[in-house]
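Residues per chain are reported as follows:
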Amino acid sequence: AMQNAYRCFLLKEESLNLIMSSTSALTAKKSISAKTLSNLPLITYTPTGAPTSLAQNYLGEHQIKLNQALQVNNLALAIQQVCDSKYYFLSCHMLFNFIAPYYREHLTTRPLSLKLPWLHLMLLPKTQPVSDAARLFLQTLLPHFHGKIRELN
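Peer 1: Describe the overall build of the protein, naming the residues involved and giving the relevant values.
Peer 2: If you tally the helices and strands in the protein, you get seven helices and seven strands. Traced from its N-terminal end to its C-terminal end, the protein shows the element sequence α-β-α-β-α-β-α-β-α-α-β-β-α-β. Principal-axis analysis of the C-alpha atoms places the extent of the protein at approximately 50 × 35 × 30 Å. Of all 153 residues assigned to the protein, the portion counted as buried reaches 35%.

Encoded structure:
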């Protein structure tokens, strides 16, 4: 149904990683197993603070059930909690790059043993033609996504 209403552009596909405090005992591990992940206190960021089932549903498809997830509507607060070793944060590498350097000095990241792809998509309504602004936006994004933006049919 979504493909009927939107033109969908795949910007990038990444694997999810676990972001943790540099002092976490898990930094000794090369990768994080699904069993370990499901027992960690995770913090999730949602812009409105309203619960999102996106991550929960996505992980559920891979038989990963999160026991403890705290939701906050402030990304800096979420990252500070991770720096303080209170929580872990599930993320892709691109988001990690957007975290302020001050915080990144206190954090480290580990891949999940089960490679879980995370897709960065851009949806444009089909009801109107792609505007010049949208076209320009896509061209501007290209270098950030290594020129791999493609439309999904």
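That shown, we press on.
Peer 1: Talk me through the pattern of salt bridges; I want residue IDs and the actual numbers.
Peer 2: When charged atoms on two side chains of opposite charge get close, those side chains can pair. Under the defined criterion, the tally for this structure stands at two salt bridges. We note a salt bridge from Lys-12 to Glu-14, for which the minimum N-O separation is 3.9 Å. Of the residues examined, Lys-12 reaches a relative accessible area of 21% and is grouped as partly exposed. Given the relative accessible area of 9%, Glu-14 is considered buried. Lys-86 is the salt-bridge partner of Asp-84, the closest N and O atoms lying 3.9 Å from each other.

Peer 1: How would you explain helix 4 (residues 75–83) if you had to name every residue and give the values?
Peer 2: Among the residues of helix 4, those classed as buried are Ala-78, Ile-79, Gln-81, Val-82 and Cys-83. Sitting at the head of helix 4, Asn-74 places a side-chain oxygen 2.9 Å from the backbone nitrogen of Ala-76. Phi turns positive one or two residues past the end of helix 4, at Ser-85, with a value near 65°.

Peer 1: Could you give an account of unusual backbone geometry, naming the residues involved and the relevant values?
Peer 2: The phi angle at Ser-85 is positive, at roughly 65°, despite the residue not being glycine. On the secondary structure map, Ser-85 appears in the loop between helix 4 and strand 4 (89–92).

Peer 1: An account of helix 7 (residues 132–141) is requested, with residue identities and associated values reported.
Peer 2: Buried residues of helix 7: Ala-134, Leu-138 and Leu-141, and no others. The arc enclosing the buried residues of helix 7, seen along the axis, measures out at 65°, which places them on a common side. In helix 7, the exposed residues that point more than 90 degrees away from the buried face are Asp-132, Ala-133 and Leu-136. Where helix 7 is buried, its residues meet strand 1 (6–21) and strand 6 (117–125).

Peer 1: I'd like a description of the packing of aromatic side chains, backed by residues and values.
Peer 2: Both the distance between ring centres and the angle between the ring planes are used here to describe each pair of aromatic rings. On inspection of all chains with the given rule, the structure shows one aromatic pair. Seen from their ring centres, Tyr-102 and Tyr-103 are 5.3 Å apart, and the 65° between their planes marks the pair as edge-to-face.

Peer 1: Outline the nonpolar core, listing residues and values.
Peer 2: Soluble globular proteins tend to bury their nonpolar side chains together. Leu-18, Leu-37, Leu-42, Leu-90 and Leu-112 are the most contacted members of the largest nonpolar core, which has 16 residues in total. Those elements that provide at least two residues to this core are strand 1 and helix 3 (54–61). With three residues, the top contributor of residues to this core is strand 1. Contact partners of Leu-90, with chain neighbours within four places excluded, come to Leu-16, Asn-17, Leu-18, Leu-37, Leu-42, Leu-59 and Leu-112. Core analysis: the next-biggest nonpolar cluster, separate from the first, contains 12 residues, Ile-19, Val-72, Ala-78 and Phe-96 among them.

Peer 1: Describe the side chain of Ser-91, and please don't skip the residues or the numbers.
Peer 2: Summarising the element assignment, Ser-91 is placed in strand 4. With a relative accessible area of 3%, Ser-91 lands in the buried category. The contact partners of Ser-91, leaving out residues within four places of it in the chain, are Ser-15, Leu-16, Asn-17, Ile-19 and Phe-96.

Each value, and the rule that gives it
- Residues numbered from 1 in each chain as written.
- Predicted model: local features only at pLDDT ≥ 70, side-chain atom pairs only at ≥ 80, totals over all residues.
- Heavy atoms only, no water.
- Helix = DSSP H or I, 4+ residues; strand = E, 2+ residues; numbered from the N terminus.
- Buried < 20%, exposed > 50% of the residue type's maximum accessible area, 1.4 Å probe, protein only.
- Salt bridge = Lys/Arg side-chain N within 4 Å of Asp/Glu carboxyl O.
- Polar contact = N/O pair within 3.5 Å; in protein donor to acceptor, adjacent residues only side chain to side chain.
- Arc of directions from axis to C-beta.
- Contact = heavy atoms within 4.5 Å.
- Phe/Tyr/Trp six-rings, centres within 6.5 Å; stacked < 30°, edge-to-face > 60°.
- Core = buried A, V, L, I, M, F, W, Y, C linked by side-chain atoms within 4.5 Å.

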